[in-house]
Amino acid sequence: MITLTILLMAAIIFCSRYLFLEPRLPLKLSSNTLKFLSYSAPAVLSAIWAPIVFIQQHELSISLDNHYLISAVVAIILAITTRKTLLTTVVSMALFFLLRFYQ
Amino acid sequence: MSSQKSSEKPYSSHWKAWLAGALAVMPLSIAVIPWGILAGSLALDAGLSPFESQAMSAIVFAGAAQLVAVGMIKAGIGLTSILITTLLITSRHLLYSMAMRAQISPLPLKWRLSLGFLLTDELFAIIAKNKDQANQPLNPWYALGGGLSFYLTWNIASAAGILIGHNIPNLESWGLDFAIAATFIAIVTPQINRPSILICVLVSLVCSVVCELFQVPSGLLIASLLGMACGTLYAKATGEGK
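Source: prediction; values computed, not measured. (Residues numbered from 1 in each chain as written. Chains lettered and ligands numbered in written order. Predicted model: local features only at pLDDT ≥ 70, side-chain atom pairs only at ≥ 80, totals over all residues. Heavy atoms only, no water.)

**Topic: the overall build of chain A**
Per the secondary structure count, chain A includes five helices and two strands. Its C-alpha radius of gyration of 20 Å places chain A more than 25% over the 13 Å reference for a compact globule of 103 residues. In chain A, which comprises 103 residues, the proportion classed as buried is 48%. Contacts in chain A between residues at least 24 apart in sequence constitute 29% of all its contacts with a sequence separation of at least 6. (Helix = DSSP H or I, 4+ residues; strand = E, 2+ residues; numbered from the N terminus. Rg over C-alpha atoms; globule rule 2.2 N^0.38 Å. Buried < 20%, exposed > 50% of the residue type's maximum accessible area, 1.4 Å probe, protein only. Contact = heavy atoms within 4.5 Å.)

**Quick notes on unusual backbone geometry**
Located in the positive-phi region is His58 of chain A, a residue other than glycine, with phi close to 65°. Residue position: His58 of chain A is located in the loop between strand S1 (55–56) and strand S2 (59–60).

**Details of the packing of helix H7 (residues 109–117) of chain B against helix H9 (residues 140–164) of chain B**
Residues and elements named next belong to chain B. For the pair H7 and H9, interaxial distance at closest approach is 9 Å and the crossing angle is 40°. The angle between H7 and H9 places the two elements in the oblique class. The two elements H7 and H9 meet at a crossing, and its hand is left-handed. Taking contact as the criterion, the partners of Trp111, Leu115 and Phe117 in H7 are, on H9, Pro140, Trp141, Ala143, Leu144 and Tyr151. (Axes fitted to C-alpha atoms, helices over the stretch in contact; angles between N-to-C directions. Parallel < 35°, antiparallel > 145°, perpendicular 65-115°, else oblique. Left-handed = near helix turned anticlockwise from the far one by under 90°.)

**Section: the interface of chain A and chain B**
When the parts of a complex come together, some accessible area is lost, and that lost area is often taken as the interface size. With 67 residues of chain A at the contact, the number on the chain B side is 86 residues. Together, the buried faces of chain A and chain B total about 6800 Å²; carbon and sulfur atoms form 76% of this surface. Across the pair Glu22 of chain A and Arg112 of chain B runs a salt bridge whose closest N-O atoms are separated by 3.6 Å. Inspection of the chain A/chain B interface yields 16 residue pairs in polar contact (both at pLDDT 80 or more). Residue assignment for the side of chain A that touches chain B shows that the elements contributing at least two residues are helix H1 (2–18), helix H2 (31–37), helix H3 (40–54), S2, helix H4 (67–82) and helix H5 (85–101) of chain A. (Buried area = accessible area lost by both parts, 1.4 Å probe. Salt bridge = Lys/Arg side-chain N within 4 Å of Asp/Glu carboxyl O. Polar contact = N/O pair within 3.5 Å; in protein donor to acceptor, adjacent residues only side chain to side chain.)

**A short note on helix H12 (residues 219–238) of chain B**
The periodicity of an α-helix, 3.6 residues per turn, causes residues three or four places apart in sequence to face the same way. Compared with an ideal rise of 1.5 Å per residue, which puts 20 residues at 28 Å, H12 of chain B spans 28 Å between its outermost C-alpha atoms and is within 8% of the ideal. Of all the positions in H12 of chain B, only Gly219, Leu221, Ala223, Ser224, Gly227, Met228, Gly231, Thr232 and Ala235 of chain B are classed as buried. In this structure, the buried side of H12 of chain B is in contact with H2 and H3 of chain A together with helix H5 (79–99) and helix H11 (195–213) of chain B. Positive phi shows up at Gly239 of chain B, right after H12 of chain B, with a value of about 65°. (Expected span 1.5 Å × (residues − 1).)

**Some remarks on the side chain of Glu122 of chain B**
All names here are of chain B. You can see Glu122 is positioned in helix H8 (residues 121–134). It is Arg92 that comes nearest to the buried, bridge-free Glu122 among opposite-charge side chains, at 6.8 Å. With sequence-adjacent residues up to four places away left out, Glu122 is seen in contact with Val25, Leu28 and Phe150. (Lys, Arg positive; Asp, Glu negative; His and termini not counted.)

**What to know about the environment of Pro137 of chain B**
Residue and element names in this part refer to chain B. As for its position among the elements, Pro137 is in the loop between H8 and H9. Judged by relative accessible area, Pro137 falls into the exposed class, the value being 67%. Taking the C-alpha atoms as reference points, Pro137 and Trp174, separated by 37 residues in sequence, lie 38 Å from one another.

**What to know about the pattern of salt bridges**
Evaluation of the coordinates by the stated rule reveals five salt bridges over all chains. Salt-bridge contacts for Arg194 of chain B lead to Glu240 of chain B; the nearest nitrogen and oxygen are separated by 3.1 Å. Of this pair, Arg194 of chain B sits in the loop between helix H10 (177–188) and H11 while Glu240 of chain B sits in the segment after H12; the two residues are 46 residues apart in sequence, bridging distant segments of the chain. Relative accessible area serves as the criterion here: at 14%, Glu240 of chain B is assigned to the buried category. Beyond isolated ion pairs, a larger network of salt bridges with shared partners links Glu22 and Arg24 of chain A together with Arg112 of chain B.

**Concerning the environment of Thr86 of chain B**
Checked against the element boundaries, Thr86 of chain B lands in helix H5. In this structure the C-alpha to C-alpha distance between Thr86 of chain B and Ala64 of chain B, which are 22 residues apart in sequence, comes to 9.0 Å. Setting aside chain neighbours within four positions, we find Thr86 of chain B in contact with Met9, Ile12 and Ile13 of chain A together with Ala65 of chain B. Only 2.7 Å separates the side chain of Thr86 of chain B from the backbone oxygen of Ile82 of chain B, close enough to count as a polar contact.

**Remarks on a nonpolar patch on the surface**
Taken together, the side chains of Leu86 and Val90 of chain A together with Leu23, Met26, Ile30 and Ile33 of chain B present a nonpolar region at the surface, about 500 Å² in accessible area. Breaking the nonpolar patch down by element, the ones donating at least two residues are H5 of chain A together with helix H2 (14–45) of chain B. The leading source of residues in the nonpolar patch is H2 of chain B, at four residues. By the secondary structure assignment, Leu86 of chain A is in helix H5. (Patch = residues over 30% accessible without salt bridge, like charges linked within 9 Å, V, L, I, M, F, W, Y side chains within 5 Å. Areas by Shrake-Rupley, 256 points an atom, 1.4 Å probe, with all protein chains shown as cover.)

**Here we look at the packing of aromatic side chains**
In the structure shown here, the tally under the stated rule is 15 aromatic pairs over all chains. Relative to Phe96 of chain A, the ring of Tyr68 of chain A lies with its centre 4.7 Å away and its plane at 65°, an arrangement referred to as edge-to-face. Of this pair, Tyr68 of chain A sits in helix H4 while Phe96 of chain A sits in helix H5, and the two are 28 residues apart along the sequence. Each of the two residues, Tyr68 of chain A as well as Phe96 of chain A, counts as buried. One aromatic cluster is present, built from ring pairs that chain together Tyr68, Phe96 and Phe97 of chain A together with Phe178 of chain B. (Phe/Tyr/Trp six-rings, centres within 6.5 Å; stacked < 30°, edge-to-face > 60°.)

Pasting the structure below:
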């Protein structure tokens, strides 16, 4: 039963990832669809990071005590000024763990 | 013309492209370690054998879906419910697959299968980043480096969780999830070069927070689609980029 569950889950997840990568799938994306899809990365990635930063213990937390928020603001400033992904990530993470450590 | 052609290739070898992908995904790999440990440990806890627990990470390879499914198995919930939940959680991958269609579908079968299997949130993120910075067609070796190193990290972390078993420390309190936020902010922020993208990001951001606060199922997908729709409509309405 567990084996079956694992195999079926794997099948569903693989299909959802592979479906539109298959060239024989008769699907021609219109220019409107492509335009819409061009927004997918900023939309999805923002929808993933925002709850991590703004919600603490299941509640909205907009205050200086929220280390996630402070470090995220610093990350945004670094990203705008330097445009360097790795630098932004490493420096804001270092700040985050310093804040946690010395709180 | 030939010199121009060579300058189009950002990486001098497949291996360098592979390493660049692995490096790009590294903060996300670090962030996923606690979740991998948790996935392994919880699978064991739910009554899966060590082999089954590892197999789940190796062939399902989907963090959120695995954690939820393992919880459902433990609660004795039936197969159909587990599969429907899996479908809901994994539905965002349809979006990634569609967004990647132009770049990946012309590749040979072995590339399509391997990149398709490895197409997680994290791989999608670093491909989006690379596309933005270099404005190039996808380098499959870069994607493979990111995808495969992330896959290995996930599986090693799961194995560690299976070995540690029930004695795992309270990993959520470490705050490693900030690494995800930091990386995604670093990827998304430089991409905001038009008002419509800013609208898209702000709508997704607010909507995802609201969905999370009210525990809306598939909130991530709803927030993403709404943000994409608002960005597209804004660009259409203002004739942006024409």
